[in-house]
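# Coordinates in review
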Amino acid sequence: DICLGPASTSTSGYPLNPKNLPHMMPTKELFAAAMDAMGISNTDHVVVYGREGCVFTPRTWFLFQQMGHASDSLSLMQGSLEEW
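Reference entry: report on the structure contained in this document.

Here is what the cut-offs are and how they apply
Residues numbered from 1 in each chain as written. Predicted model: local features only at pLDDT ≥ 70, side-chain atom pairs only at ≥ 80, totals over all residues. Heavy atoms only, no water. Helix = DSSP H or I, 4+ residues; strand = E, 2+ residues; numbered from the N terminus. Buried < 20%, exposed > 50% of the residue type's maximum accessible area, 1.4 Å probe, protein only. Contact = heavy atoms within 4.5 Å. Areas by Shrake-Rupley, 256 points an atom, 1.4 Å probe, with all protein chains shown as cover. Core = buried A, V, L, I, M, F, W, Y, C linked by side-chain atoms within 4.5 Å. Pairing = 2+ DSSP bridges. Right-handed = clockwise from strand over helix to strand, strands pointing away. Phe/Tyr/Trp six-rings, centres within 6.5 Å; stacked < 30°, edge-to-face > 60°. Polar contact = N/O pair within 3.5 Å; in protein donor to acceptor, adjacent residues only side chain to side chain. Arc of directions from axis to C-beta.

### Focus on the overall build of the chain
Within the chain, the regular secondary structure consists of 2 helices and 2 strands. Mapped in sequence order, the helices and strands of the chain form the string α-β-α-β. Relative to its 84 residues, the chain shows a buried fraction of 27%. A sequence separation of at least 24 residues applies to 64% of the contacts in the chain between residues at least 6 apart. Just so you have it, the chain exposes about 5900 Å², and 56% of that area is on carbon and sulfur atoms.

Set out below in structure tokens:
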């Protein structure tokens, strides 16, 4: 599991929001660096899910889509992980 919640830095230490503005999308270069650090590539099938009360699940799916991840390799689970 990889948590891409409201944290302002990735696991590799790259700032995903260098100007610290609320709700901003990272640059493609920063997103790519964060995904590389977590071992996620464009050929991977990514399943986005949240925990109960998580409001960032749809935004995470949208972020992957906007950064060019293939839509046939991107899934959004309906409901929380606990519900499954």
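### Things to note about the nonpolar core
Core analysis: the largest hydrophobic core is formed by 11 residues, namely Phe31, Ala34, Met35, Met38, Ile40, Val46, Val48, Leu63, Phe64, Met67 and Leu74. Broken down by secondary-structure element, the contributors of at least two residues to this core are helix H1 (28-37), strand E1 (46-50) and helix H2 (57-66). Once residues within four sequence positions are removed from consideration, Leu74 is found in contact with His45, Val46, Val48, Trp61, Phe64, Gln65 and His69.

### Digging into the pairing of E1
Of the two faces of E1, the one lined by Val46, Val48 and Gly50 is fully buried and the one lined by Val47 and Tyr49 carries no buried residue. Two elements, E1 and strand E2 (residues 74-80), share 4 bridges in a ladder whose sense is parallel. Paired with Gly50 across the two strands is Ser80, which belongs to E2. The handedness of the E1 to E2 crossover, carried by H2, is right-handed.

### Here's the deal with the packing of aromatic side chains
Applying the stated rule across the entire model yields 1 aromatic pair. On the numbers, 5.2 Å between centres and 85° between planes, the contact of Phe31 with Phe64 is edge-to-face. Here the residue Phe31 occupies a position in helix H1, and Phe64 occupies one in helix H2, the gap between them amounting to 33 residues. Look at Phe31 and you get buried, because its relative accessible area is 9%.

### Here's the deal with the environment of His45
Considering the arrangement of structural elements, one finds His45 in the loop between H1 and E1. Distance from His45 to Leu74, taken between C-alpha atoms, is 5.7 Å for residues 29 residues apart in sequence. With sequence-adjacent residues up to four places away left out, His45 is seen in contact with Asp72, Ser73, Leu74 and Ser75. Within the local environment of His45, its side chain forms a polar contact with the side chain of Ser75, the two groups lying 2.7 Å apart.

### So, H2
All buried positions along H2 are accounted for by Thr57, Thr60, Leu63 and Phe64. The buried residues of H2 occupy one face: seen down the axis, they fall within an arc of 120°. Looking at the buried residues of H2, the elements they touch are H1, E1 and E2. Looking one or two residues beyond H2, the residue adopting positive phi is Gly68, at roughly 95°.

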